[in-house]
Structures are given as C-alpha cells and as structure tokens.
Amino acid sequence: MTIDKSLRTRKGIIRARNVLTRAERIEKLGQQDRWTEDDGPLGLPKVRVYRVVVKKKKKKKGEEETAGAVPAAAPAAKGAAKKK
C-alpha cells in the first residue's frame, strides 16, 4: 500500500499531522508509561498530537530605522545611474 502525498516526509515534518501511525502511537504511549510490551498493539488508547506554533520575532526600534533607510536609498541610486 502506498503512502498519500500529504503524509510523506521529505525534509522532516513540514506541517503537523493529526493522525499518528501505530508505531508512533506505541512510542508516545511508552514515553508516557501508558503502554508496556505485555499490552497488545491493537486497541491502543488515543494519543493527543500537539501542534507547535512558532511566533515571529519582534524587530527592535534600531533595526526598523535601518531597514527603512536602505530601501529608500536604493531607488535614488537607480535614478542616478539612468541619467549617466
């Protein structure tokens, strides 16, 4: 059986999946001490999948001023090059 394109992982996990494979569920349950080798692989309890949210970093005031000054200077340089 083939794997759906949305579930393939090429360069690590690109996005969060809300369904785990049986092996992943057993691994997570083992870490939480909710599953042992004596328990069977069938009838596993549900495992919550936590989504990781990455927050954007805020720019400092000094960085905003320098970032705003660089693009303003670039169009002036292009205009000067056209006159020559």
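Residues numbered from 1 in each chain as written. Predicted model: local features only at pLDDT ≥ 70, side-chain atom pairs only at ≥ 80, totals over all residues. Heavy atoms only, no water.

Description of the overall build of the protein chain
On a plain count of helices and strands, the protein chain comes out with 2 helices and 0 strands. The buried share of the protein chain, taken over its 84 residues, is 6%. Entry remark: accessible area of the protein chain is about 8700 Å², with carbon and sulfur atoms responsible for 55%. (Helix = DSSP H or I, 4+ residues; strand = E, 2+ residues; numbered from the N terminus. Buried < 20%, exposed > 50% of the residue type's maximum accessible area, 1.4 Å probe, protein only. Areas by Shrake-Rupley, 256 points an atom, 1.4 Å probe, with all protein chains shown as cover.)

Observations regarding unusual backbone geometry
Its identity as a non-glycine residue notwithstanding, D33 has a phi of 60 degrees, on the positive side. Taking the relative accessible area as the measure of exposure, D33 reaches 71% and is therefore exposed.

Some words on the nonpolar core
Counting residues in hydrophobic clusters, the biggest one holds 5 residues: I26, L29, W35, L44 and V47. The residues contacting V47, other than those within four sequence positions of it, are L20, R25, K28 and L29. (Core = buried A, V, L, I, M, F, W, Y, C linked by side-chain atoms within 4.5 Å. Contact = heavy atoms within 4.5 Å.)

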